[in-house]
Amino acid sequence: MLDVKEAKLALRDTDPEIFALIEEEERYQQDSIRLIPSENYVSRAVLEASGSVLTNKYSEGYPGKRYYEGQLYIDQLETLVQDRAKALFGVEHANVQPYSGSPANLATYYALLEPGDKIMGMSLPHGGHLTHGWNVNFSARFYTAVQYVVDEETHLIDYDNVRDLAKSERPRIIVAGATAYPRQFDFATLGEIAREVDAYFLADIAHIAGLIVAGVHPDPAPHADVITTTTHKTLRGPRGAMILCKEEHAKAIDRAVFPALQGGPHNHTTAAIGVALKEAATDEFRAYGEQIVRNAKALAAELLERGFTLVSGGTDNHLVLIDLTDKGVTGKKAARALDRAGIVTNYNTIPYDPRKPFSPSGVRIGTPSVTSRGMGEDEMRRIAAWMDEVVASPEDEDVSKRVAAQVKDLCDGFPAPGLPAS
Ligand SMILES: *Cc1c(COP(=O)(O)O)cnc(C)c1O
């Protein structure tokens, strides 16, 4: 096995500045507790595929129908990855070329809608994604967007409200998926609502793909016309995306990705997605998904015990949204203080946030990364205790320094996958 340091000798010689920055980032990823729920650690195998010579190859088109010669291996590769995606998610068709989650959603709209058609998605401040019709995004500029929200008391999606809104607005497509919703989606009911109003149903599972594969979140495949997902969040692959759909939409989806919106696929990414899909099809990955949820529940329980308010009162998935309004500290201030203490989170709006999006009342945390390091419920309770200390005195440098040292100690005991053990 090639030594990791050795593998980067050429980089060090050619470009010491970039080399040094990568080394620093590696150390940071090893020495901090990374709680951003959309992040993860990919395996060494995924990194190697991602850093391979496949980046040298142009292959516009699809297996067997390319616009460049020399596709002997690329065609085999892409077909293999498509087959793995179809098998893992139980779908009829897979497009593995989208550059990332946002372009995958754009391609889906392009495939199924005409400009100006109506998209109905979850509002961004209530947990939805920009590409689900938020006003500053293409999805609201080129299409007509209507947004559903969560209930003011429970912070849960009220499916009767969604149905009423769908009936009065008659959208062409209903989108389900979120970046900051700590509960499960009822894909069966959403699919039913879409059929009642003759709309397409898109399940955007970017955050929860790994949980679905592991069997700890309901599966949208029987209910959705199209499923989009990133590959770099709970699925633990490289940065990229996939569009999964029924055969009847295959042609439109493929044409939307290429030639409508993209050029050549990123073959090194396709290969790394394939490796991640192989890893995700194992019993170990199933156990990983189960542990992500157990860890999130343990973290939430300890935070509640310590007097934190959580949006929706807890979690069923990989993430927890903390409402800091009664702590007298903004999300931004808390997130900054936590980062100084070696705990990396992000500030986030909460539903019905009284504050502005650039300085909201919430902090969003999640367990995919710490679970990839092998941490369990005991470690989650320690992390919650540290968070409590830091958030109680966000300006106290002594507290953040002391916690940072303890964080480093804990991290030393849990080497991060993919990184050189330091
Ligand atoms: C992360 C995410 C996306 C966008 O993915 P990018 O790769 O950042 O473009 C889309 N939808 C949802 C629900 C997401 O969580």
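None of the values given here were measured: they were computed from a predicted structure.

Cut-offs used in this document
- Residues numbered from 1 in each chain as written.
- Predicted model: local features only at pLDDT ≥ 70, side-chain atom pairs only at ≥ 80, totals over all residues.
- Heavy atoms only, no water.
- Helix = DSSP H or I, 4+ residues; strand = E, 2+ residues; numbered from the N terminus.
- Buried < 20%, exposed > 50% of the residue type's maximum accessible area, 1.4 Å probe, protein only.
- Contact = heavy atoms within 4.5 Å.
- Axes fitted to C-alpha atoms, helices over the stretch in contact; angles between N-to-C directions.
- Parallel < 35°, antiparallel > 145°, perpendicular 65-115°, else oblique.
- Left-handed = near helix turned anticlockwise from the far one by under 90°.
- Expected span 1.5 Å × (residues − 1).
- Pairing = 2+ DSSP bridges.
- Domains from an automatic or database assignment.
- Buried area = accessible area lost by both parts, 1.4 Å probe.
- Salt bridge = Lys/Arg side-chain N within 4 Å of Asp/Glu carboxyl O.
- Polar contact = N/O pair within 3.5 Å; in protein donor to acceptor, adjacent residues only side chain to side chain.
- Near = heavy atom within 4 Å.

K.L.:
What should I look at first to understand the environment of G418 in this one?
P.N.:
Its location among the elements puts G418 in the segment after α17 (397-412). A relative accessible area of 12% places G418 in the buried class. For the pair G418 and E48, spaced 370 residues apart in the sequence, the C-alpha separation amounts to 9.5 Å. With residues near it in sequence (within four places) discarded, G418 still touches V42, S43, R44 and L47.

K.L.:
What's the story with the packing of helix α6 (residues 101-112) against helix α11 (residues 250-261) in this structure? I'm lost.
P.N.:
At their nearest, the axes of α6 and α11 sit 8 Å apart, and the two run at 115° to each other. Judged by the inter-axis angle, α6 sits roughly perpendicular to α11. The crossing of α6 and α11 is right-handed. For the pair formed by α6 and α11, the contact residues are L106, A107, T108, Y110 and A111 on the first element and A252, I253, A256, V257, A260 and L261 on the second.

K.L.:
Before we go on, may I ask you to explain α6 in this structure?
P.N.:
An α-helical turn contains 3.6 residues, so any two residues separated by three or four positions project in the same direction. Look at α6: 17 Å from first C-alpha to last across 12 residues, which is about the 16 Å you get at 1.5 Å a residue. Those residues of α6 not exposed but buried are G101, A104, N105, A107, T108, Y109, A111 and L112.

K.L.:
It is not clear to me how the pairing of strand β15 (residues 362-366) should be interpreted in this structure. Could you clarify?
P.N.:
Along a regular strand, successive side chains alternate from one face of the sheet to the other. For β15, the buried fraction is high: five of the five residues fall into the buried class. Alignment of strand β14 (residues 346-348) against β15, held across three bridges, turns out to be antiparallel. The residue of β15 that forms the bridge with N348 is G362.

K.L.:
How do you make sense of the domain arrangement of the chain when you look at a structure like this?
P.N.:
By convention, interface size is frequently given as the accessible area that disappears when the constituent parts associate. Here the domain parsing of the chain yields domain 1 (53-280) and domain 2 (291-412). One C-alpha centre belongs to domain 1, the other to domain 2, and the line joining them spans 29 Å. With 22 residues of domain 1 in contact, the opposing surface of domain 2 contributes 20 residues. Of the roughly 1800 Å² buried between domain 1 and domain 2 on both sides combined, carbon and sulfur atoms contribute 57%. R183 is the salt-bridge partner of D316, the closest N and O atoms lying 2.9 Å from each other. Here domain 1 and domain 2 share 11 residue pairs in polar contact (both at pLDDT 80 or more) between them.

K.L.:
How do you make sense of the site of the ligand when you look at a structure like this?
P.N.:
Near the ligand there are 13 residues, and of these S100, S102, D204, H207 and K233 occur at the shortest range. One of the backbone nitrogen or oxygen atoms of G101 is found 3.0 Å away from an oxygen atom of the ligand. In this structure, a nitrogen atom belonging to the ligand sits 2.6 Å away from a side-chain N or O atom of D204. Ranked by the residues each element gives to the shell around the ligand, the list is headed by α6, at three residues.

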